[in-house]
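Summary of structural features
The lines below spell out each chain.
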Amino acid sequence: MGFKFMVYGRQSVLVTGGAGFLGSHLCDRLIAEGAHVLCIDNFFTGNRANIEHLHGHPQFELIRHDVTFPLYVEVGHIYNLACPASPIYYQHDPVQTTKTSVHGAINMLGLAKRTNARILQASTSEVYGDPSIHPQPESYWGNVNPIGIRSCYDEGKRCAETLFFDYHRQHDLEIKVVRIFNTYGPRMHPQDGRVVSNFIMQALRGDPITIYGDGQQTRSFCYVDDLIDGFVRFMATSADFTGPLNLGNPGEFSMIELAEAVIELTNSRSELTREPLPQDDPKQRRPDISLAQSKLGGWEPKTPLREGLAKTIDYFDGLLKSGQIN
């Protein structure tokens, strides 16, 4: 028997942060499945170009809104993705980042309680901090610096998880909490400071590729389509399965390996340059996805790194050639 997805009927699906990298891909997927999508975004990191192709679609509606303020709409399902997710942006205004995670969670949970909606929280692998267990299972409580420069994001997301589970216990709210590991693909912001976009942009321009530390720190890279498939499958599971649930690709690559792959795929002459390792930067990051594999109908990432990188490179190359970025 195949995996059963949601039947939406007349109920709208709210996607906060819907004009962002992940949010826009999620809007596409939900619309393809027949949902009426209400996309909200304050456009701090979201990009109108990501959802431009959806304007005028009968199943799509856009509202400019900041989740730190209450929202009064009628919806049956909520995907709460609103929050800057790259260090450059979440460290730009750390107080606002924490507010977005915490006040945003409170407001969206309040909306879910009022409308009796099922709600999914986009949490992060950053809740594990610089992990002392590898790979990271959902049962690991993490090793997080509560007062560091990344804490606005790490601890904001941890507090949001707390709120979700307290609303579940106190108000019997149907919740889903997903911990997202490094994800990449088209519609990433080219200047978001993440390693995949950094390496690709540097390689396409022929600039030196910046390696922090010795380059042996590792990450696991999940292509966006695979992650979004996990989102939709998770939301369709029974109410008693709340998570938290790791979603990501268990394939593990060092920064040196990633840089070499990007140089090869772009035919770049870029050379590697070294910089000191940023504060609190995790040395290892790899998800244990056994729970997702068992609960989501055999879900697992299907896109090999080189294939996903090639698609992402084509996207960034198109932006450069069209003059949308310098």
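Preceding this section is the structure that the text describes.
Rules and cut-offs
- Residues numbered from 1 in each chain as written.
- Predicted model: local features only at pLDDT ≥ 70, side-chain atom pairs only at ≥ 80, totals over all residues.
- Heavy atoms only, no water.
- Pairing = 2+ DSSP bridges.
- Helix = DSSP H or I, 4+ residues; strand = E, 2+ residues; numbered from the N terminus.
- Axes fitted to C-alpha atoms, helices over the stretch in contact; angles between N-to-C directions.
- Contact = heavy atoms within 4.5 Å.
- Buried < 20%, exposed > 50% of the residue type's maximum accessible area, 1.4 Å probe, protein only.
- Core = buried A, V, L, I, M, F, W, Y, C linked by side-chain atoms within 4.5 Å.
- Disulfide = S-S within 2.5 Å.
- Phe/Tyr/Trp six-rings, centres within 6.5 Å; stacked < 30°, edge-to-face > 60°.
- Lys NZ or Arg CZ within 6 Å of the ring centre and 35° of its normal.

Side note on the sheet that holds strand E11 (residues 245-247)
The strands that make up a sheet are held in pairs by hydrogen bonds between backbone atoms, and each pair lies either parallel or antiparallel. Strand order across the open sheet formed by seven strands is E3-E2-E1-E4-E5-E6-E11, with parallel pairing between neighbours. Here the strands that pair on one side only, and so sit at the sheet edges, are strand E3 (60-64) and E11. On average, each strand axis in the sheet is inclined to that of its neighbour by 20°, with strand direction left out of account. This element, helix H5 (residues 151-171), spans strand E5 (118-124) and strand E6 (175-180) of the sheet and lies at about 155° to E5. Here helix H7 (residues 224-235) sits on the sheet and contacts strand E4 (77-80), E5, E6 and E11; the angle it forms with E6, its principal contact strand, is near 160°.

With respect to the side chain of Thr312
Counting through the fold element by element, Thr312 comes out in helix H10 (residues 305-321). The exposure class of Thr312 is buried, given its relative accessible area of 0%. If near-sequence neighbours (up to four positions away) are discounted, Thr312 is found in contact with Tyr184, Gly185, Pro186, Ile200 and Tyr223.

As for the nonpolar core
Considering soluble globular proteins, one finds that nonpolar side chains tend to be buried as a cluster. Among the nonpolar cores identified, the biggest contains 63 residues, and Leu30, Tyr79 and Phe231 are the most heavily contacted of them. Apart from residues no more than four positions distant in its own chain, Leu30 is found in contact with Tyr8, Val13, Val15, Ala35, Val37, Tyr79 and Val232. Grouped together as the second largest cluster of nonpolar side chains are 25 residues, Val67, Leu163, Phe164 and Ile175 included.

Side note on the state of the cysteines
Within this structure, the stated rule accounts for zero disulfides. Cys39 takes part in no disulfide bond, and the closest cysteine sulfur to it belongs to Cys27, at a distance of 4.4 Å. Relative accessible area serves as the criterion here: at 0%, Cys39 is assigned to the buried category. The thiol of Cys159 is not disulfide-bonded; the next cysteine sulfur, from Cys83, is found 12 Å away.

Some words on the packing of aromatic side chains
Applying the stated criterion to the full structure yields six aromatic pairs. Consider the rings of Tyr128 and Tyr140, whose centres lie 6.0 Å apart with planes at 20°: the pair is stacked. Of this pair, Tyr128 sits in the loop between E5 and H5 while Tyr140 sits in the loop between E5 and H5, placing them twelve residues apart in sequence. One exposure class covers both Tyr128 and Tyr140, and it is buried. Through pairs of rings, three or more aromatic residues link up here, namely Tyr128, Tyr140 and Phe181. One Lys or Arg, Arg48, reaches over the ring of Phe43 and ends 4.1 Å from the middle of that ring.

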